[in-house]
Amino acid sequence: MRALTWQGKRDVRVENVPDPRIEEPTDAVIRVTSSGLCGSDLHLYEVLTPFMTPGDILGHEPMGIVEEVGAAVPDLQVGDRVVVPFQIACGNCWMCLTGLPTQCETTQVSAEGMGAALFGYTRLYGAVPGAQAEYLRVPQAQYGPIKVPEGPSDDRFLYLSDVLPTAWQAVAYAGVPKGGSVAVLGLGPIGDMACRVAQVQGAGRVFGVDLVPERLRRAKERGVETFDLRSFDDEKELVTAIRDQTDGRGPDAVIDAVGTEAHGSAAARMVQNASALLPRKLSGPMAERFSVDRLAALHTAIELVRRGGTISISGVYGGMADPLPMLTLFDKQIQMRMGQANVRRWSDEIIPYLTDEDPLGVDDFATHRVPLSEAPHAYDMFQKKQDGAVKVVFRP
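No experiment lies behind these values; they were computed from the predicted model shown.

> Sorry if this is basic, but what is going on with the state of the cysteines here?
Defined simply, a disulfide is a covalent bond joining two cysteines at their sulfur atoms. Tallied over the entire structure, the rule returns 0 disulfides. Cysteine Cys38 remains unbridged, with the sulfur of Cys195 as its closest cysteine sulfur at 16 Å. When its relative accessible area of 8% is taken as the criterion, Cys38 is described as buried.

> Teacher, can you tell me more about the pattern of salt bridges here?
Should their charged atoms come close, side chains of opposite charge can pair. In this structure the tally under the stated criterion is 25 salt bridges. With a shortest N-O distance of 3.2 Å, Arg10 and Glu46 are connected by a salt bridge. Here the residue Arg10 occupies a position in the loop between strand S1 (2–8) and strand S2 (11–16), and Glu46 occupies one in helix H1 (residues 41–47), the gap between them amounting to 36 residues. As a salt-bridge pair, Glu23 and Arg137 come within 3.8 Å of each other at their nearest N and O atoms. Of the two residues, Glu23 is situated in the loop between S2 and strand S3 (28–37) and Arg137 in strand S6 (residues 135–138); the sequence distance between them amounts to 114 residues. Glu23 sits in the partly exposed class, given a relative accessible area of 47%. Because the salt bridges share partners, they merge into one network encompassing Glu23, Asp27 and Arg137.

> Honestly, the sheet that holds strand S13 (residues 335–338) in this entry has me stumped. Any pointers?
Adjacent strands of a sheet form backbone hydrogen bonds with each other and so pair up, either parallel or antiparallel. The strand order across the open sheet formed by 6 strands is S10-S9-S8-S11-S12-S13, and the pairing between neighbours is parallel. Sheet topology places strand S10 (225–228) and S13 at the edges, where each strand pairs with a single neighbour. Strand-to-strand twist in this sheet, taken as the mean axis angle between neighbours without regard to direction, amounts to 20 degrees. Pairing analysis gives 4 bridges linking strand S9 (residues 205–210) to S10, with the strands arranged parallel. Bridged to Asp210 within S10 is Asp228.

> Quick question: what am I supposed to make of the environment of Gly130 here?
With respect to the element layout, Gly130 can be found in the loop between helix H2 (94–97) and S6. Take Gly130: its relative accessible area is 2%, and that puts it in the buried class. Placed 81 residues apart in sequence, Gly130 and Leu211 show a C-alpha to C-alpha distance of 31 Å. Aside from chain neighbours lying at most four places away, what touches Gly130 is Ile57, Leu58, Gly59, Phe119, Gly120 and Leu136.

Rules of the game
Residues numbered from 1 in each chain as written. Predicted model: local features only at pLDDT ≥ 70, side-chain atom pairs only at ≥ 80, totals over all residues. Heavy atoms only, no water. Disulfide = S-S within 2.5 Å. Buried < 20%, exposed > 50% of the residue type's maximum accessible area, 1.4 Å probe, protein only. Salt bridge = Lys/Arg side-chain N within 4 Å of Asp/Glu carboxyl O. Helix = DSSP H or I, 4+ residues; strand = E, 2+ residues; numbered from the N terminus. Pairing = 2+ DSSP bridges. Axes fitted to C-alpha atoms, helices over the stretch in contact; angles between N-to-C directions. Contact = heavy atoms within 4.5 Å.

Dropping the structure here:
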């Protein structure tokens, strides 16, 4: 089959690789009909290269048609249309039953000290072949895949794999009171969708912050009060502008949907780049022990949120030596929640919104739909924020 493989920093290629097959009774194999390009894929493209191996298959936002089913997968049949969550979980362990499939005790990558295995996401999460491919082996298929009806286009359901539950969890963790206010930092796919979720869940005011014109325009068209970073000389001006809209207090909650790709510390970027240039045996341990993030977005969130408010982090961070302003966090009595989205924890709540009325705007959420053969160009375009790229979907 054809699949997108990682070959090095900013070097991804579509290659012929062996077809996946059933390896365990709980496996299924699907023919991928759509697969998303996620902002966190860009971390593999550049920042997390010490944890990658040439030939790794990328991607973790798939849906498709079931082609084969293992003997221990009773609820799937060949021909079923399914969305596959980005994490691999059993559904039966204590963590899964508690609503935390991202911490699944069956698939935890304990050798790396990490949580549940993920599709297409470094050796830290199991080095499981990913979904930007023509076919995908799905472990733990007795629990993970979400069956969806025939009829609507893939776009109606594809985002159940990651974007929708990640945004849904971000808003849930933010604890925005009915009629309250929330600021979303970063209006990429997750931030954009988090604004939409906050609106349908009853937030009174939703503020969106970004510096990409297309992203700002999309959010503004859906009623988000947008702030263009380019219009402010520094963080304090931005914070003051939003506080002025909230009686001087700041919003009740802030969602950091940026993560370590934030424009910010040049020193942090230098350390990230330096670790990527080291021999593989050294770069991994260095990144695990001493890695630092560019924390511009998180520091803005801490400054912006009102006293006693909540910060919800959905943007991916990977640092192990990040300096945080603990005095400010403590003094402002800020609550923080974060983590990979627990897809199956939220999917049943989300599905009722995937109706013909389309209140979340999923049908036209993608800005680019391209064949898998164009994936290398799509990665480059998406990272450089060119051509109005906000969400890219591959059609294998």
